[in-house]
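# Remarks on the overall topology
Now for the letters of each chain:
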Amino acid sequence: MQIRDIENTNLGLEVENVTKIYNIKKGNVLALDNVSLHVHPNEFLSLLGTSGCGKSTLLRIICGLEKTTEGRIVNQGKVITGPGADRGMVFQAYNLFPWMTISENIQFGLKQKKASSKEAREIAEHYTNLVGLNGFETQYPNSLSGGMRQRVAIARALANDPSVLLLDEPFGALDMQTRGVMQELLLNIWQKSPKTIIMVTHDVDEAIFLADRVAIMSARPGKIKEILDVKKGLPRPRNYHVKTSQEFIKYKERATDIIREESMKLLNSV
Amino acid sequence: MGSLIDAFTPKGKMKSTYVVVIAAIAFAIILLLWSAFTLTGAVDQFFLPPPTDVIKTAISLFTQGDFIKDIGITVFRVMAGFIIAAAVALPLGLMIGTYAPMSAFLEYVVSFVRYLPASAFIPLFILWIGIDEPEKIAVIILGSFPQLILMIATNVRNVPMSMIEVSYTLGTSKADVLWKVILPKALPDIMDTFRTVLGWAWTYVIVAELVGASSGIGFMIIQSQRMMNTANIFVGILSIGFIGMIIDVLFKLCHKKFFFWNN
């Protein structure tokens, strides 16, 4: 019994035969078709796919914000029935609480857990430093740039110490330069203190640069088409030079080929 | 002067000194036209007294007689009715905007009541509760309560779903999200709703005071009509305008002070 329990905590996150059907006026739409996926503890997994392939839906299901039609999500041996503090989420639209200071935003999850205000302050301070926002603690979100807001959103999610961090196109609204800076920031945070991360993106470079494995989804209905084990060819620790390496370009070519093929399918089916 | 020309681009901004000057010019034009029509004799002074007469009347009304008391009692009625209506409408509007069953239960009923003319209820209210303060306050409540509920429900619905979702992922329960996320996020909009509906409450109080009252600005106006004293009527109407303007400015100051984070 004891051994089983220990095993369970090491199980990571399991997507088990997840099917999602949306009922709309015109009939049923099959968004996800029997998707199964295992995410190892402390693994960084990117979900890549054409727009509308259901990658965000899958992430929302893992988060518990949407229910499956069939199948289930198991996180560390526990079946997911709804959203919870064990799975942090960062959205493309930062969704900071505008009436709270940066520090209060980062402390929000800790306050929900009834952490003492001293503890909450200390943890918030740690994550404020980690995302490089010291000096901005008492500012309000409306005075920050998009990149800074997203850093607060990441710090807010991490401060809560979730077992899984879910990122839904987190840098999609940022300009190219800021996006690059944010990718490196995330990479450094993850390399310093690894955590299970699932990131949805449609940016091939971003997916490969950050992830251990890149799961590429087919066009509608969403399925896992292929998983690229990029950590084999791109060992850690990485830095931005990785992006111009031969291995990186090989993975990029493969990923781009699959996505292009899927996009063409979608185009021809209309 | 260059910045004033720039301000004429669509949605252009302007220095606050220019705002004051231009606003003052608008008032001056009204005063000028008013003087032109009346002092030249183009309009009979009985129907439209000249500004000079109105100012003289205002001075005498404010320095002697019961007009200050009338203003006081009217303000009391508006505030009493409005505060009662707002205190009940706030929790109900929050519930309707947040929970679909509450919306189904109340929203159609309230939409129906909203179209019942509050002023038409005055005779009924006089029969039911007499002509004292509770009757005036009841008219204001009936006039403002349904509007408040529906507008607050809309304010609440405008809280982005993703902000509620992110609070779930940070461990907020479904019960707590109402006052930890929805209320604080909607509060600036709710304050705007209060400002708008308080303006409407002023029209209801005057209507209530025109019928079966023995004090208040509306009572003063109807008394002055009986005595053919049009200057008095003007002072009454303009006083309401000024009070409304002051309340508006106070609301705006509150907004700047408490909701500076909202833009």
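All values derive from a computational prediction rather than experimental measurement.

Domain parsing of chain B yields domain 1 (2-43) and domain 2 (60-258). Distance from the C-alpha centre of domain 1 of chain B to the C-alpha centre of domain 2 of chain B: 31 Å.

All names here are of chain A. Taken together, the 6 strands give an open sheet; going across it, the order is 6-7-8-3-9-10, and neighbouring strands pair in mixed fashion. Looking at which strands have only one partner, the edges of the open sheet turn out to be strand 6 (87-90) and strand 10 (224-228). Here the strands of the sheet are splayed against their neighbours by 20° on average, with no regard to which way each runs.

Further remarks concern the pairing of strand 10 of chain A. Relative to strand 10 of chain A, strand 9 (residues 213-217) of chain A runs antiparallel, the two sharing 4 bridges. Looking at the pairing, A215 of chain A lines up with I227 of chain A of strand 10 of chain A.

So, on to unusual backbone geometry. Residue and element names in this part refer to chain A. A cis amide bond links R220 with the next residue in sequence, P221, at an omega value of -5°. Tracing the backbone through its elements, the reader meets P221 in the loop between strand 9 and strand 10. Positive phi, close to 45°, is recorded for N17, a residue that is not glycine. You can see N17 is positioned in strand 1 (residues 13-24). Positioned with a positive phi, N42 is a non-glycine residue whose angle comes to about 60°.

Here we come to the confidence of the model for chain A. On average, chain A scores 91 in pLDDT, and the residues at 70 or more come to 96%. In this model residues 1-9 of chain A is a low-confidence stretch, pLDDT under 50, and it forms 4 contacts with partners more than four residues away in sequence or in other chains.

Whenever strands of a sheet pair, they do so through backbone hydrogen bonds, lying parallel or antiparallel. The 4 strands lie next to each other as 2-1-4-5 (chain A), forming an open sheet whose pairing is antiparallel. Each edge of the sheet is formed by a strand with only one pairing partner; in this case those strands are strand 2 (27-39) and strand 5 (78-79) of chain A.

We now examine the packing of helix 4 (residues 117-130) of chain A against helix 5 (residues 146-159) of chain A. Residue and element names in this part refer to chain A. In contact at an axis separation of 9 Å, helix 4 and helix 5 are set at 140° when each is read in the N-to-C sense. Comparing their axes, helix 5 and helix 4 come out oblique. In the crossing of helix 4 with helix 5, the sense of the turn from one axis to the other is right-handed. When helix 4 is examined against helix 5, the residues I123, A124, Y127, T128 and L130 are found in contact with a partner set consisting of A155, L158 and A159. Residues that form the contact of helix 4 with helix 5 fall into these classes: 7 nonpolar, 1 polar and no charged.

Here is what the cut-offs are and how they apply
Residues numbered from 1 in each chain as written. Chains lettered and ligands numbered in written order. Predicted model: local features only at pLDDT ≥ 70, side-chain atom pairs only at ≥ 80, totals over all residues. Domains from an automatic or database assignment. Pairing = 2+ DSSP bridges. Helix = DSSP H or I, 4+ residues; strand = E, 2+ residues; numbered from the N terminus. Axes fitted to C-alpha atoms, helices over the stretch in contact; angles between N-to-C directions. pLDDT = per-residue confidence, 0-100. Contact = placed C-beta atoms within 7 Å. Parallel < 35°, antiparallel > 145°, perpendicular 65-115°, else oblique. Left-handed = near helix turned anticlockwise from the far one by under 90°. Nonpolar A, V, L, I, M, F, W, Y, C, P; charged D, E, K, R; others polar.

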